[in-house]
Amino acid sequence: MSDLRKLLHDNDTRFVNWAGQLSDADWQQPSLCTEWRNHDVLAHLVVGYRASGTELGRYLFRHRGSFDRANKALSTDVARRRSPAALLDEFSTLIRRPRGVGRVFPRRLLLGDHVIHELDIALALNRPPEVTPEALVAVLNTQVRVPNPFVPAAARARGLRLCATDVDWTHGVSAPTVTGGAADLASVLAGRPYALERLRGSGVDELRDRLARDWAANPGAG
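Residues numbered from 1 in each chain as written. Predicted model: local features only at pLDDT ≥ 70, side-chain atom pairs only at ≥ 80, totals over all residues. Heavy atoms only, no water.

1. Concerning the overall build of the protein
Phase 1 of the analysis: Looking only at helices and strands, the protein features 11 helices and three strands.
Phase 2 of the analysis: Along the protein, from the amino end to the carboxyl end, the secondary structure elements read α-α-α-α-α-α-α-α-α-β-β-β-α-α.
Phase 3 of the analysis: Relative to the globule expectation of 17 Å for 222 residues, the C-alpha radius of gyration of the protein, 17 Å, shows essentially globular dimensions.
Phase 4 of the analysis: Expressed along its principal axes, the backbone C-alpha trace of the protein runs to roughly 50 × 35 × 35 Å.
Phase 5 of the analysis: Looking at the protein residue by residue over its 222 residues, the buried ones come to 49%.
Phase 6 of the analysis: Of the contacts made within the protein by residues no fewer than 6 positions apart, 65% connect residues no fewer than 24 positions apart.
Phase 7 of the analysis: Just so you have it, the protein exposes about 10900 Å², and 52% of that area is on carbon and sulfur atoms. (Helix = DSSP H or I, 4+ residues; strand = E, 2+ residues; numbered from the N terminus. Rg over C-alpha atoms; globule rule 2.2 N^0.38 Å. Buried < 20%, exposed > 50% of the residue type's maximum accessible area, 1.4 Å probe, protein only. Contact = heavy atoms within 4.5 Å. Areas by Shrake-Rupley, 256 points an atom, 1.4 Å probe, with all protein chains shown as cover.)

Written out as structure tokens, the structure reads:
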């Protein structure tokens, strides 16, 4: 198993243990991901590990080719049919045996998706994130270095110096600076404004403006 696959496997296994402690009421609370309850976020994680190309194509057709709308509809439909406990059981199995798009989606991007959506749940519930420093650093490195057609984090980070205060990670030199916890930085770069108030530095206003422009250009993108 490659280091990246092991990191993804270990992160997902830890997530299942963490998420298994949430109450029924917790799952029904709104997440940081626009228009999704925490239950819907969990369904999305399952969908990402096992949706077939045919299923995705059907939802894309229904939603006129909009990936964001198709993704949200598919996830909410799955959540409507499956309880959080059933979804966690399925996710546990898919960690070892992914199917469909889960077999081919780049592990680096999959790790980022899983970590960010865990933060969507944890931060919305005002719970301290339990993602490991190693996983957070891997996600931050992917965000600022790897173009992602779904999450333009690299564009949001461009021209800024980003400094994590709780892990050994920095990005950029001699530029407006943004400092904060690694989880908060990762969440904001993924397009969630929730943690902006916990960030500090001369580049925070610019980062806030970039998120606002992205939202205006693509309302509801999560």
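2. Focus: the pairing of strand 1 (residues 161–164)
Phase 1 of the analysis: Bridge analysis of strand 1 against strand 3 (residues 177–180) gives four bridges, and the strand direction is parallel. The residue bridging alanine 164 from the neighbouring strand is glycine 180, located in strand 3.
Phase 2 of the analysis: Sheet analysis places strand 1 next to strand 2 (residues 170–171), joined by two bridges and oriented antiparallel. Bridge pairing in strand 2 places leucine 162 opposite histidine 171.
Phase 3 of the analysis: Between strand 1 and strand 2, which follow one another and run antiparallel, lie five residues. (Pairing = 2+ DSSP bridges.)

3. Considering the side chain of asparagine 71
Phase 1 of the analysis: Its place among the elements puts asparagine 71 in helix 5 (residues 67–81).
Phase 2 of the analysis: Not counting residues up to four positions away in its chain, the partners in contact with asparagine 71 are Trp36 and His44.

4. Observations concerning the packing of aromatic side chains
Phase 1 of the analysis: What the rule picks out here adds up to four aromatic pairs.
Phase 2 of the analysis: Between the aromatic rings of tyrosine 49 and phenylalanine 91, the centroid separation amounts to 5.4 Å while the plane-to-plane angle is 40°, which identifies the pairing as tilted. Linking tyrosine 49 in helix 3 (residues 38–50) with phenylalanine 91 in helix 6 (residues 84–96), this pair joins segments that are 42 residues apart in sequence.
Phase 3 of the analysis: Judged by relative accessible area, which is 2%, tyrosine 49 ranks as buried. (Phe/Tyr/Trp six-rings, centres within 6.5 Å; stacked < 30°, edge-to-face > 60°.)

5. Concerning the nonpolar core
Phase 1 of the analysis: Counting residues in each nonpolar core, the largest one holds 68 residues, and the members touching the most others are Trp169 and Leu207.
Phase 2 of the analysis: Ranked by residue count, the leading element in this core is helix 7 (residues 107–124), at eight residues.
Phase 3 of the analysis: A domain split of this core shows at least three residues from each of domain 1 (1–106) and domain 2 (133–217).
Phase 4 of the analysis: Filtering out sequence-adjacent residues up to four positions away, leucine 207 remains in contact with Arg156, Leu160, Val178, Val188, Leu189, Leu196 and Leu199. (Core = buried A, V, L, I, M, F, W, Y, C linked by side-chain atoms within 4.5 Å. Domains from an automatic or database assignment.)

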